[in-house]
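# Descriptive structure summary
Here's the letter readout for the chains.
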Amino acid sequence: MLTPEEIKARKSSGEKISMITAYDFAFAQMAEAAGIDQILVGDSLANTMLGYKSTREIGMEEMLIFVAAVCRGAPNTHVVADMPYRSDKDPQTAYDNAKRFMDLGASSVKLEGTPEGVIEFLRSKDIPVCAHLGLLPQTAENFKQKGKTEEEAAAIEAAAKFVDSLGCFEMVLEHIPEELGTKITREVSAATIGIGGGKFTNGQVLVMHDALGMHPRKIPPFATKFVDMYSLGVKGISDYIASVKRPV
Ligand code: KIV
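Predicted model only: the values in this text are computed from it and were never measured.

Rules and cut-offs
- Note that residues are indexed from 1 along each chain, following the sequence as it is written.
- With the structure being a predicted model, the display of local features is reserved for residues of pLDDT at least 70 and the display and counting of side-chain atom pairs for 80 or more, all residues being used for whole-chain, interface and lining totals.
- Computation of side-chain values: all heavy atoms of the structure, hydrogens and water removed.
- Secondary structure elements follow DSSP: runs of H or I no shorter than four residues count as helices, runs of E no shorter than two count as strands, and numbering proceeds from the N terminus.
- Radius of gyration: C-alpha atoms only; globule rule: 2.2 Å multiplied by the number of residues to the exponent 0.38.
- Partly exposed describes any residue whose relative accessible area lies between the buried limit of under 20% and the exposed limit of over 50%, with all areas from a 1.4 Å probe on protein chains only and scaled to the type maximum.
- Reported accessibility uses the Shrake-Rupley method at a 1.4 Å probe radius. Residues are deemed covered only where the shown protein chains occlude them.
- We score Asp and Glu as negative and Lys and Arg as positive, and we do not count His or the chain ends.
- Where a charge sits is defined by one atom per residue type, namely NZ (Lys), CZ (Arg), CG (Asp) or CD (Glu).
- Should any heavy atoms of two residues lie within 4.5 Å, those residues are considered in contact.
- A 1.4 Å probe that fits into a set of points on a 1 Å grid over the protein atoms alone but cannot get out defines a cavity; an open set with protein on both sides within 12 Å along at least five of seven lines defines a pocket, and lining residues are those with an atom within 4 Å of a point.
- Grid points are joined across faces, edges and corners, and a volume is the space filled by probe spheres set on the points.

On to the overall build of the protein chain, then. Counting its secondary structure elements, the protein chain contains ten helices and eight strands. The globule rule puts the C-alpha radius of gyration for 248 residues at 18 Å, and the 18 Å found for the protein chain is close to it. Along the first, second and third principal axes, the C-alpha atoms of the protein chain reach 70 × 40 × 35 Å. Scored against the burial criterion, the 248 residues of the protein chain give a buried share of 52%. Accessible area for the protein chain stands at about 12,100 Å²; split by element, carbon and sulfur atoms hold 56% of it. A distance of 5 Å separates the average location of the 27 positive side-chain charges in the protein chain from that of its 33 negative side-chain charges.

On the secondary structure map, Ser107 appears in the loop between helix 5 (91-104) and strand 4 (108-112). Sequence-distant contacts of Ser107, defined by excluding residues within four places in its chain, comprise Met1, Pro4, His78, Val79, Met102 and Pro128.

Within this model, the largest pocket holds a volume of roughly 820 Å³. Going through the elements one at a time, helix 3 (45-48), strand 4, strand 6 (170-174) and helix 9 (208-211) are the ones with two or more residues in the lining of the largest pocket. If you add up the space inside the second largest pocket, you get close to 290 Å³. If you go around the second largest pocket, you meet 18 residues; those closest to its centre are Met19, Gln204, Val205, Leu206 and Phe226. Looking at the lining of the second largest pocket, the elements that each hand over two or more residues are strand 1 (17-21), strand 7 (191-195) and strand 8 (203-206). When residues in the lining of the second largest pocket are grouped by element, the largest group, four residues, is from strand 1.

Here is the structure:
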């Protein structure tokens, strides 16, 4: 299992970091068997697994069930547990919640933005933190690319330097121009993981349901569908139905 220090060291070795989301035992097992470097139990499970409209609708109690299942399915893989909306609303609440994830076997926690005093407090308690900058789905008004204007790009760059100075070992950069993702990657000591952050970040993350084509919806412009599991599943179930109904 990769430690936060080993992930950060990939920055100098140049070996890219692969991260994918998984939310349950079966798919965590699949990701580990494929040799993924890190599994993110993202709060995107609110959409992909539970059918909620927004990631704001999921809370700690639900996240704990999924984080535990992933840790059971991928016991040898670095699991990043995503802090759901408001679970990091103040330093003590964030620590109490992060500790619950770590006690289940998570290797680190991820949180969106720079909630006041939170990253400092988690680091003072030795909790490895992966930051998340750029498009922040928990609070975004829309899902358009961030950092397109000079002002917005400068704010994201400043936030990246800030979380780096607080000791985050890694940061996810979501839906920002490639140029900005590349610049931040050069400027910070933390490993950068892009999802729509260009080709030059230290690693990439994808939502498993997009990468494996597990739903019939359009995927984001920066995602790639590597297999169409939705069609395979519908076909498999149709074949099963036909076999049940076939006269004996
Ligand atoms: O919740 C999630 O899946 C994420 C990724 C988009 C990085 O935060």
